[in-house]
Amino acid sequence: MKPHPPTIVRFAPKESDGFYDTVKARARAYFERKNISPYANSGMWIKTASMLLLYFGPYAAILAGLGTGNAWLFLGLWVLMGLGMSGIGTSVMHDANHGTYSANKRVNKLISYTLEMIGGYTVNWKIQHNILHHTYTNLSGLDEDIDTMGLIRLSPNQPLKWYHRYQHLYAWFFYMIMTLYWMTAKDFLQVVRYKKSNLLVKERISLKQAMWHIGMYKALYYAYIIVLPILFSGMPWYYIIAGFVLMHFTGGLLLSCIFQPAHIMETSDFAVPHHADGKQKVENSWAVHEIENTTNFAPRNHVLSWFAGGLNFQIEHHLFTNVCHVHYRKLAPIVKQTAKEFNLPYNEQRTFRKALQTHAIMLKKLGQGYSRSSV
């Protein structure tokens, strides 16, 4: 049985540079000075209701037969559901699974089940995202967000295949099917892998229980998302399947376009752990590693920031996972100034379009043999 990943790689102590202690103290002082909570505010609750409505509103219209006889309207409702699914992913379940809605764990747990409502599985998500991605960002072999089974090369430390030279063209298709794969096979395969890696222990769940939960949640998901529309929408079954796929294409592409430019960029460090004292170690402290492997984008785009759950302020999110995303915009100047004082990078793209362009350029470079030695 493989050991738990935290026993594999060690970061330098945070005291070695002082950056994290300083930026945390300044963030804490901000909340104290403003006399506000780092948890969700009224705006966050309004957003939560809005995202759920964006998803379930079109769904109700589909069941009510609103699109009957009009294929374009019918499929358009599924596209809206894709937008809502993406919004729930970035602005609702994401914060809940980080525990930032409330100091009350029951509130966060209840809202976290919105992930199951859109076809996912909370236990797997917490392991992949909270533990592996947020601890080992861009570390090949540990951060599963950059593991694509070799289909796309997202790190200069991954093997280069001949077909990767075209990945800047075809990667967008795989981005589109990301959630579709997640809602069908990935959760089952992932939980088996996490059992072998001893990662289910912390979640206090057995493989048998996890498989039962996944099967039950998936059955309920497909019952309401496919079976009920077939029964009540008045449209042929193949339109339901087409709409379902279109919904996931929309949601998958949006989610990928929000998350990928945050880390797969030429400015990212993509560190390689080294052997020392019989252990795998990373030269920098965890906080410095995070800031060197993360990029913000479109900081002045309030509409994008609202829809994307503040994840365009990805640096702040990685440093303050226990803070609700509605506060990231205000924390950004604090982090940026502190990074400057410690002579650390603060990677930022001015617009969303520029971030996507830069990410596409990085995909092309990685596909042509971009290596860490050229970083």
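Residues numbered from 1 in each chain as written. Predicted model: local features only at pLDDT ≥ 70, side-chain atom pairs only at ≥ 80, totals over all residues. Heavy atoms only, no water.

(A) View of the overall build of the protein chain. Of the regular secondary structure elements, the protein chain holds 15 helices and 5 strands. For a compact globule of 375 residues, the expected C-alpha radius of gyration is about 21 Å, and the protein chain comes in at 21 Å, within 12% of that figure. With the C-alpha coordinates of the protein chain rotated into their principal frame, the extents come out at 65 × 55 × 45 Å. Taken over 375 residues, the protein chain has a buried fraction of 50%. Within the protein chain, contacts between residues separated by at least 24 positions form 73% of all contacts whose residues are at least 6 apart in sequence. By element, 62% of the accessible surface of the protein chain is carried by carbon and sulfur atoms, the whole surface being about 17,300 Å². The centroid of the 37 positive side-chain charges in the protein chain is displaced by 4 Å from the centroid of its 21 negative side-chain charges. (Helix = DSSP H or I, 4+ residues; strand = E, 2+ residues; numbered from the N terminus. Rg over C-alpha atoms; globule rule 2.2 N^0.38 Å. Buried < 20%, exposed > 50% of the residue type's maximum accessible area, 1.4 Å probe, protein only. Contact = heavy atoms within 4.5 Å. Areas by Shrake-Rupley, 256 points an atom, 1.4 Å probe, with all protein chains shown as cover. Lys, Arg positive; Asp, Glu negative; His and termini not counted. Charge placed at Lys NZ, Arg CZ, Asp CG, Glu CD.)

(B) Fine view of a nonpolar patch on the surface. There is a patch of nonpolar side chains on the surface, built from M149, L151, Y181 and L189 and spanning about 380 Å² of accessible area. Mapping L189 onto the fold places it in helix α8 (residues 178–196). (Patch = residues over 30% accessible without salt bridge, like charges linked within 9 Å, V, L, I, M, F, W, Y side chains within 5 Å. Salt bridge = Lys/Arg side-chain N within 4 Å of Asp/Glu carboxyl O.)

(C) Layout of unusual backbone geometry. The residue R204 is not glycine, and still its phi comes out positive at about 55 degrees. Note that R204 resides in the loop between α8 and α9 (207–232). Overall, R204 belongs to the exposed group, its relative accessible area being 78%. Backbone geometry places N343, a non-glycine residue, at a positive phi of 60 degrees. Tracing the backbone through its elements, the reader meets N343 in the loop between α14 (328–341) and β5 (348–349). Residue class for N343 comes out exposed when judged on its relative accessible area of 71%.

(D) Quick peek at α14. Here α14 contains 14 residues, and its C-alpha end-to-end distance of 20 Å stays within 8% of the 20 Å for a straight helix at 1.5 Å per residue. If you check which residues of α14 are buried, you get Y328, L331, A332, I334, V335, T338 and A339. Elements that come into contact with the buried residues of α14 comprise α1 (19–34), α11 (286–292) and α13 (314–319). Two residues or fewer after α14 comes N343, characterised by a positive phi angle close to 60 degrees. (Expected span 1.5 Å × (residues − 1).)

(E) Structural detail: the environment of F270. Structurally, the position occupied by F270 is in the loop between α10 (237–259) and β2 (274–276). Separated by 101 residues in sequence, F270 and S371 place their C-alpha atoms 9.8 Å apart.

(F) Structural view of the packing of helix α2 (residues 42–63) against helix α3 (residues 71–97). Viewed as axis vectors pointing N to C, α2 and α3 meet at an angle of 150 degrees, and their least axial separation amounts to 8 Å. Compared by their axis directions, α2 and α3 come out roughly antiparallel. In the crossing of α2 with α3, the sense of the turn from one axis to the other is left-handed. Classifying every residue of the contact of α2 with α3 by side-chain character gives 18 nonpolar, 4 polar and 2 charged. (Axes fitted to C-alpha atoms, helices over the stretch in contact; angles between N-to-C directions. Parallel < 35°, antiparallel > 145°, perpendicular 65-115°, else oblique. Left-handed = near helix turned anticlockwise from the far one by under 90°. Nonpolar A, V, L, I, M, F, W, Y, C, P; charged D, E, K, R; others polar.)

(G) Spatial organisation of the confidence of the model for the protein chain. On average, the protein chain scores 93 in pLDDT, and the residues at 70 or more come to 97%. The spread of mean pLDDT over the elements of the protein chain runs between β2, the lowest at 77, and strand β4 (residues 296–297), the highest at 98. Per-residue pLDDT stays below 50 along residues 1–6; that stretch engages in 17 contacts with residues further than four places along the chain or on separate chains. (pLDDT = per-residue confidence, 0-100.)

(H) Structural view of the sheet that holds strand β3 (residues 279–285). Pairing within the open sheet is mixed, and its 3 strands lie in the order β1-β3-β2. The sheet is open, and its two borders are formed by β1 (9–12) and β2, each paired with just one other strand. On average, each strand axis in the sheet is tilted by 50 degrees relative to the strand beside it, whichever way the strands run. Of the pairings in the sheet, the one linking β1 to β3 comprises 4 bridges and is parallel in character. Opposite R10, over in β3, you have K281 as the bridge partner. (Pairing = 2+ DSSP bridges.)

(I) Fine view of the packing of α9 against α10. The N-to-C vectors of α9 and α10 enclose an angle of 140 degrees; their axes lie 8 Å apart at closest approach. Taken together, the axes of α9 and α10 lie oblique to each other. For the crossing formed where α9 meets α10, the hand is right-handed. Packed against α9, whose contacting residues are Y221, Y222, I225, I226, P229 and I230, the element α10 presents W237, I240, I241, F244, M247 and H248 at the interface. The residue makeup of the contact of α9 with α10, split by class, is 11 nonpolar, 1 polar and no charged.

(J) How the structure looks around the environment of G251. When you line up the elements, G251 lands in helix α10. Judged by its relative accessible area of 0%, G251 falls in the buried class. Sequence separation between G251 and L180 is 71 residues; the distance between their C-alpha atoms is 9.2 Å.

(K) Structural context of the side chain of S233. By secondary structure assignment, the location of S233 is in the loop between α9 and α10. Polar side-chain contacts of S233 include one of 2.6 Å to the backbone oxygen of P229. Within the local environment of S233, its side chain forms a polar contact with the backbone nitrogen of M235, the two atoms lying 3.2 Å apart. If near-sequence neighbours (up to four positions away) are discounted, S233 is found in contact with I62, L63, G65, T68, F74, L228 and I240. (Polar contact = N/O pair within 3.5 Å; in protein donor to acceptor, adjacent residues only side chain to side chain.)

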